[in-house]
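# Summary of structural features
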Amino acid sequence: MLKNSNKTGLKKKIFTFFISFILIGISSWALGLFFVYFFGSKIIKETIGSNFQTLAIETSKKLELMINQYTYEVRTLAGSEEVIVDVEKSDQVLRQGRVDDAKVIEKIWPSIYKDDLQVRQFTKNRTAERLKKVLRSDIVEIIVTNEKGILLAATEKPVHYYYGDEGWWRSTFSKRKTILSDIFFSKERGGYFFAISSPIIKDDRPIGIIRFTYDIELLSESVISASIGETEHTMLASSDGTLLFCPIFSIGTHNLKDELKSAIFKNTPGWAATTADIHYPGKDAINGFSPVNMTMTMGPENFGGKNWYIFTSQDPDETYKPVWGMLKWVAISGVSGGVLGLGMMFLLGFVLIQRIVRPINLLQEKAELIGQGNLDCDIDIHTGDEIESLATEFKKMAANLKRSLSNMAFQRSEMRYQDLVENSPEMIHQIDKDLKFVHVNKTEVEKLGYTLDEIRDMKLTDIVSADHKERIAECFKKMMVDGEARHETVYITKDGKRIDVELSTTAQYDPDTGEFIASRGFTRDISERKRLEEE
């Protein structure tokens with residue numbers, strides 16, 4: 001009986017030890033699996049979020065540059081001598097006088113055929129023909145009104161005849177500033193558009209308004225064309241939560257949830273993990289975001305009083321695919337290790353963790369370099385598993401991002417903009433807050449007769465006639481507050497010649513602090529106009 005009892009007790013101890021060993025192995029395997037999931041998902045979140053943030057920032061800059069190009073061409077045409085003269089003559093010829101009469105015509109305007117003589121006098125006159133020369137595929141319509149809001153010229157029959165009661169017209173006329181609209185729907189044209197209006201100024205008073213209406217296709221393409229991976233893409237939303245540009249949803253058909261708005265509507269770029277993604281609600285998605293800074297600095301009368309934000313979206317299944325792959329790999333390895341010998345499980349788990357976490361840490365370091373703009377860093381990870389595949393995908397992503405950024409239209413546009421400024425027939429300069437010249441284009445240097453080195457050591461008041469120095473300084477101070485100004489003055493060349501000019505200046509502010517940085521001035525020689533007026 002004693003022997004049998006001892007044998008039973010020994011078997012029990014062996015069995016108990018074996019079960020304990022299995023439990024220890026399983027616990028070690030489960031603990032390793034937990035650490036892989038916890039640290040792996042955290043690092044991958046930070047890595048992908050950083051890259052999504054970079055993509056949102058670059059897309060925002062691209063959109064801003066395109067809108068700045070639009071604004072420049074509207075202001076340039078509004079300030080041209082030919083348009084100013086055309087507006088004065090058209091107003092005299094057409095005798096657009098009483099607002100009450102204009103409102104009567106406005107009521108019957110929709111019923112008038114586009115080829116009717118009453119319409120052709122506005123679409124076939126001298127001003128209209130000049131406007132048609134600047135039309136492009138993305139410019140739907142250009143109209144010009146007089147100082148009362150009554151139509152003077154248009155590239156085609158416009159929706160209205162009288163614009164004096166339109167909010168954008170009143171803001172442009174009263175503030176004497178260029179006004180940018182929100183994305184708006186036109187039921188007459190059956191689509192969404194973007195418009196910019198600018199005052200036509202003569203002798204420091206508005207004599208009319210010019211308005212460009214743009215097709216939003218190019219603006220939309222500048223946003224949604226940027227993408228990384230199979231499901232990740234960029235979108236644009238306004239601060240009221242309306243989804244504006246998206247490659248999947250039509251404009252204005254969807255609104256962002258409050259959780260997503262509070263996460264991405266920030267004054268600075270970043271990324272956030274939410275469960276309110278516009279395409280994948282209820283899933284833990286990662287969204288990179290960046291504000292479109294110009295919508296926050298141009299004043300409440302622009303963009304419909306709203307701010308715009310760029311943000312990204314990707315299917316969480318694609319985002320977290322590497323994590324699930326690692327979990328599957330660790331689980332299979334754990335089972336195989338149990339079959340070969342539970343005694344090796346703990347050691348194997350430790351080795352596996354080291355093998356997974358180490359390349360993930362390396363991947364994180366490389367991703368941070370990519371997030372800082374170093375797209376040429378080499379991601380050299382060879383593990384023969386999903387981590388290597390993830391590294392390869394990040395390498396492809398960096399290459400795609402680099403190629404996308406290097407080929408972005410805004411770089412070509414920026415070069416074209418600089419070339420336009422330098423070779424413009426108008427005198428263009430940039431002045432700091434002390435009235436000292438920061439940059440002067442070739443035209444202004446040649447007209448004033450100074451060398452570029454000489455004029456860089458001068459102030460604006462050094463080239464203005466003595467009787468205008470005090471006035472030009474006061475106008476500059478007013479411009480620093482109002483944001484833009486237009487006034488006439490007299491330049492004195494190096495050889496003492498007087499030039500009558502009209503100077504249009506626009507303030508430039510720091511987007512973060514709102515402090516004045518410099519001003520950009522466009523100067524037109526109006527000597528001939530002054531001579532004609534005196535005659």
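What counts, and where the lines are drawn
- Residues numbered from 1 in each chain as written.
- Predicted model: local features only at pLDDT ≥ 70, side-chain atom pairs only at ≥ 80, totals over all residues.
- Heavy atoms only, no water.
- Pairing = 2+ DSSP bridges.
- Helix = DSSP H or I, 4+ residues; strand = E, 2+ residues; numbered from the N terminus.
- Axes fitted to C-alpha atoms, helices over the stretch in contact; angles between N-to-C directions.
- Contact = heavy atoms within 4.5 Å.
- Phe/Tyr/Trp six-rings, centres within 6.5 Å; stacked < 30°, edge-to-face > 60°.
- Buried < 20%, exposed > 50% of the residue type's maximum accessible area, 1.4 Å probe, protein only.
- Lys NZ or Arg CZ within 6 Å of the ring centre and 35° of its normal.
- pLDDT = per-residue confidence, 0-100.
- Core = buried A, V, L, I, M, F, W, Y, C linked by side-chain atoms within 4.5 Å.
- Expected span 1.5 Å × (residues − 1).
- Arc of directions from axis to C-beta.

Turning to the sheet that holds strand E12 (residues 427–432), a few remarks are in order. Read across the sheet, 5 strands follow the order E13-E12-E16-E15-E14 without closing on themselves; strand pairing throughout is antiparallel. Each edge of the sheet is formed by a strand with only one pairing partner; in this case those strands are strand E13 (437–440) and strand E14 (484–492). Averaged over all pairs of adjacent strands, the angle between their axes in this sheet comes to 25°, without regard to strand direction. In this structure, E14 lies alongside strand E15 (residues 498–509), joined through 9 bridges in antiparallel fashion. The partner of Thr489 across the bridge, within E15, is Val501. Across the face of the sheet, helix H18 (residues 527–534) comes into contact with E14, E15 and strand E16 (516–525) while running at roughly 130° to E15.

To continue, consider the packing of aromatic side chains. The tally for this structure, following the rule as stated, stands at 16 aromatic pairs. When the ring of Trp109 is compared with that of Phe122, the centres are 6.2 Å apart and the planes differ by 65°; the resulting orientation is edge-to-face. Note that Trp109 is positioned in the loop between helix H3 (99–108) and helix H4 (117–123) and Phe122 in helix H4, a separation of 13 residues in sequence. Residue class for Trp109 comes out buried when judged on its relative accessible area of 1%. Ring geometry for Trp109 against Tyr161: centres 5.3 Å apart, planes inclined by 40°, an arrangement best described as tilted. Here Trp109 is found in the loop between H3 and H4, whereas its partner Tyr161 is found in the loop between strand E2 (151–154) and helix H6 (167–175), with 52 residues between them in sequence. The two residues Trp109 and Tyr161 agree in class, both being buried. Grouping aromatic residues by their ring pairs yields a cluster made of Tyr70, Phe212 and Tyr214. Sitting over the face of the ring of Trp109, Lys157 holds its NZ or CZ atom 5.5 Å from the ring centroid.

So, about the environment of Ala473. Counting through the fold element by element, Ala473 comes out in helix H17 (residues 469–482). In the structure, Ala473 is positioned 39 residues away from Asp434 in sequence and 9.8 Å away in space, judged by C-alpha atoms.

Where the model shows low pLDDT, its predicted coordinates should not be examined in detail. Averaged over every residue, the pLDDT of the protein chain is 83; the share at 70 or more is 78%. When the criterion is pLDDT under 50, residues 1–11 qualifies, and its contacts beyond four places in sequence or with other chains add up to 0 contacts.

This brings us to the nonpolar core. Buried together is how nonpolar side chains tend to be arranged in soluble globular proteins. Counting 39 residues, the largest nonpolar core has Phe194, Ile210 and Trp308 as the members making the most contacts within it. Counting residues per element, this core draws most heavily on helix H1 (residues 2–78), at 8 residues. Core analysis: the second largest hydrophobic core is formed by 23 residues, Leu448, Tyr450, Met479 and Ala507 among them.

What follows deals with H17. For H17, built from 14 residues, the straight-helix expectation of 20 Å at 1.5 Å per residue is met to within 8% by its first-to-last C-alpha distance of 20 Å. Where H17 is concerned, the buried positions are Ile472, Cys475, Phe476 and Met479. Axial view of H17: buried residues confined to an arc of 105°, hence all on one face. Those residues of H17 that are exposed and angled more than 90 degrees off the buried face are Glu470, Lys477, Lys478 and Val481. Lining the buried residues of H17 we find E12, E14, E15 and E16.

With that settled, the discussion passes to the sheet that holds strand E10 (residues 281–291). Picture the strands of a sheet paired through backbone hydrogen bonds; they go either parallel or antiparallel. Spatial ordering of the open sheet is given by E8-E7-E11-E10-E9, a layout of 5 strands whose pairing is antiparallel. With one partner strand each, in any of the chains shown, strand E8 (243–245) and strand E9 (270–276) form the two edges of the open sheet. Averaged over all pairs of adjacent strands, the angle between strand axes in this sheet comes to 40°, irrespective of strand direction. As defined by bridge partners, strand E7 (residues 233–238) adjoins strand E11 (residues 308–313) across 6 bridges and the pair is classed as antiparallel. Each bridged residue has a counterpart across the sheet, and for Ala237 the counterpart in E11 is Tyr309.

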